Structure formats: structure tokens, C-alpha cells
Amino acid sequence: MDVKTRIRSTAVSTFASARYLNFLRGKARLRRKLSAKPAAVHYFHQVDDPYSHLAVQKLDQLKAAYHLPFKAHLVSKPAPEFQGSSDHFENWALRDALSIAGDYDTSLQVARQPGPAEVQAANNKLAVHLNQPDFAQKAVEAGTALWSGRSEKDAARQPGETALREGDALRHKLGHYLGGMFYFDGEWFWGIDRIRLLERRLIEEGYG
């Protein structure tokens, strides 16, 4: 093994290690305590992301099971540079989400990819529910209408645009770019199939 390969291998092992993960957790926990903010799970919802539509169907169950706030944020789709093949990204994501929906007791009925005006309408509807107890219910309803082709169109930019700017800024600040993400004290959990890892973390932290 040459020197470059050995250095690269060591770096990957370090970043993937439990020690580094604990460092990130501790750093985020300390930063939160210094800011005097209470512990919370942040959920980032992208209305035209099929993974988000699956994940939000579990949000109320999580809120009922764990003793800390779950804060929802609306976000935009990832930039092209984060999509791998931008020509295929949406179709691949949709195909994958459809293949796993039933395994997690969730549903996704798709007629077509939603258009920009329909996405804007869904964001406008959900923006006013972000801090309300019914956010998950409204998000599921909006997503169901959006994916089934029954969503209305809306050219207005408020309040959805404001909510997206705020959600995108927080997601970027915390260090990610996708929708359907949960964040808790330095650690990201992507999509419905990582919720079990989020729950394990919350139980370890004493919130179960």
C-alpha cells in the first residue's frame, strides 16, 4: 500500500469511528448548552421529495414517544452538484422510495412528478403549520395530493418562500443539503430507514 492510499484509508477510518462521532455529538451538545437552547430534534421536509413524504408519516409517532421537541423546517431540493446524476436523480429517488414504502408501513401513490407551481402551493400551505401540532398531518395530506396529481397550483411567493429560505439556511449551517433529514446534536439521520438509529440515540440520551 502506497503512502497516499494509507493516509486516505486512515482518514476514512478516523472519520467513521465512534470516537469521532462522539466528538461531534459532544461539540454540538456543548454549543447548544452555551446558547441556552433546549434539546430538540430538527426535521427538514422537502415537499417534492418522496423520502420526505415517507418520513413525515412517522413524525407524530416520534413526537409521542420521546420527551423533547421536534421542530419542522421546509427546505428546497438539493443543488445539482449534490444530486450525482441530475438527469436521473429524481427518478432514482422516486423508484427507491416506492420500493421501500410498504416495508415501513407507509404509503406513496404517484401519478407524476409535481411541477414548480404545485410545489410552491404545498410550501405555502405548510409554512403556516410549521410550529403547529398538526404539521405532520398537513404535510402528509399535502404530499398525498402533490404526488397523486391533485394539488392546486400557486404562483404566490409568501409564506412558502420565507419558510424555505429559513429552512435552507439552517440546514446549510448545520452541514447538510438533502430533504427528509433528522438532526439531533451533531448527528444527521437520513430518511425513514434511519429513524431507528435516531431512536437509539434519543434513548441513549435519556429522552425515551
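Residues numbered from 1 in each chain as written. Predicted model: local features only at pLDDT ≥ 70, side-chain atom pairs only at ≥ 80, totals over all residues. Heavy atoms only, no water.

(A) Structural context of the pairing of strand β2 (residues 70–74). Within β2, 4 of the 5 residues are buried, which leaves the element mostly enclosed by the surrounding structure. Judged from the 5 bridges that link them, strand β1 (residues 41–45) and β2 form a sheet pairing that is parallel. Looking across to β2, one finds that His-45 is bridged to Leu-74. (Buried < 20%, exposed > 50% of the residue type's maximum accessible area, 1.4 Å probe, protein only. Helix = DSSP H or I, 4+ residues; strand = E, 2+ residues; numbered from the N terminus. Pairing = 2+ DSSP bridges.)

(B) Spatial organisation of a positive patch on the surface. A cluster of basic residues, Arg-31, Lys-37, Lys-71 and Lys-173, forms a positive patch at the surface. On the basis of relative accessible area, Lys-173 is assigned to the exposed category, the value being 68%. (Patch = residues over 30% accessible without salt bridge, like charges linked within 9 Å, V, L, I, M, F, W, Y side chains within 5 Å. Areas by Shrake-Rupley, 256 points an atom, 1.4 Å probe, with all protein chains shown as cover. Salt bridge = Lys/Arg side-chain N within 4 Å of Asp/Glu carboxyl O. Lys, Arg positive; Asp, Glu negative; His and termini not counted. Charge placed at Lys NZ, Arg CZ, Asp CG, Glu CD.)

(C) Layout of the sheet that holds β1. Taken in spatial order, the 4 strands line up as β2-β1-β3-β4 in an open sheet, and their pairing is mixed. Whereas interior strands pair on both sides, the edge strands pair on one side only; in this sheet they are β2 and β4 (187–190). The average angle at which neighbouring strand axes cross in this sheet is 25 degrees, direction not considered. Across 4 bridges, the pairing between strand β3 (residues 181–184) and β4 is antiparallel. Its bridge partner being in β4, Phe-184 is matched across the sheet by Glu-187. Packing of helix α8 (residues 160–174) onto the sheet brings it into contact with β1, β2, β3 and β4, and relative to β2 it is tilted by some 115 degrees. (Axes fitted to C-alpha atoms, helices over the stretch in contact; angles between N-to-C directions. Contact = heavy atoms within 4.5 Å.)

(D) Representation of the packing of helix α6 (residues 116–127) against helix α7 (residues 135–147). For the pair α6 and α7, the least separation of the axes is 10 Å and the interaxial angle reads 165 degrees. With respect to α7, the element α6 is oriented roughly antiparallel. Where α6 crosses over α7, the two elements pack in a sense that is right-handed. The residues of α7 that touch α6, namely those facing Glu-118, Val-119, Ala-122 and Leu-126, are Phe-135, Lys-138, Ala-139, Ala-142 and Leu-146. Residue composition of the contact of α6 with α7, by class: 7 nonpolar, no polar and 2 charged. (Parallel < 35°, antiparallel > 145°, perpendicular 65-115°, else oblique. Left-handed = near helix turned anticlockwise from the far one by under 90°. Nonpolar A, V, L, I, M, F, W, Y, C, P; charged D, E, K, R; others polar.)

(E) Inspection of the nonpolar core at higher detail. Core analysis: the biggest nonpolar cluster contains 42 residues, and Leu-68, Leu-74, Phe-135, Phe-182, Phe-184 and Leu-202 have the highest contact counts within it. Counting residues per element, this core draws most heavily on α7, at 6 residues. If near-sequence neighbours (up to four positions away) are discounted, Phe-182 is found in contact with Val-41, His-42, Tyr-43, Ala-55, Leu-59, Leu-62, Glu-187, Trp-188, Phe-189, Ile-195 and Leu-198. Residues Phe-44, Leu-178, Met-181 and Trp-188 belong to the second largest nonpolar core, which totals 6 residues. (Core = buried A, V, L, I, M, F, W, Y, C linked by side-chain atoms within 4.5 Å.)

(F) The arrangement of the environment of Asn-22 in detail. Within the secondary structure layout, Asn-22 lies in helix α2 (residues 18–34). Classification of Asn-22 by relative accessible area gives partly exposed; the value is 46%. A sequence separation of 165 residues divides Asn-22 from Glu-187, and the C-alpha atoms of the two residues are 9.5 Å apart.

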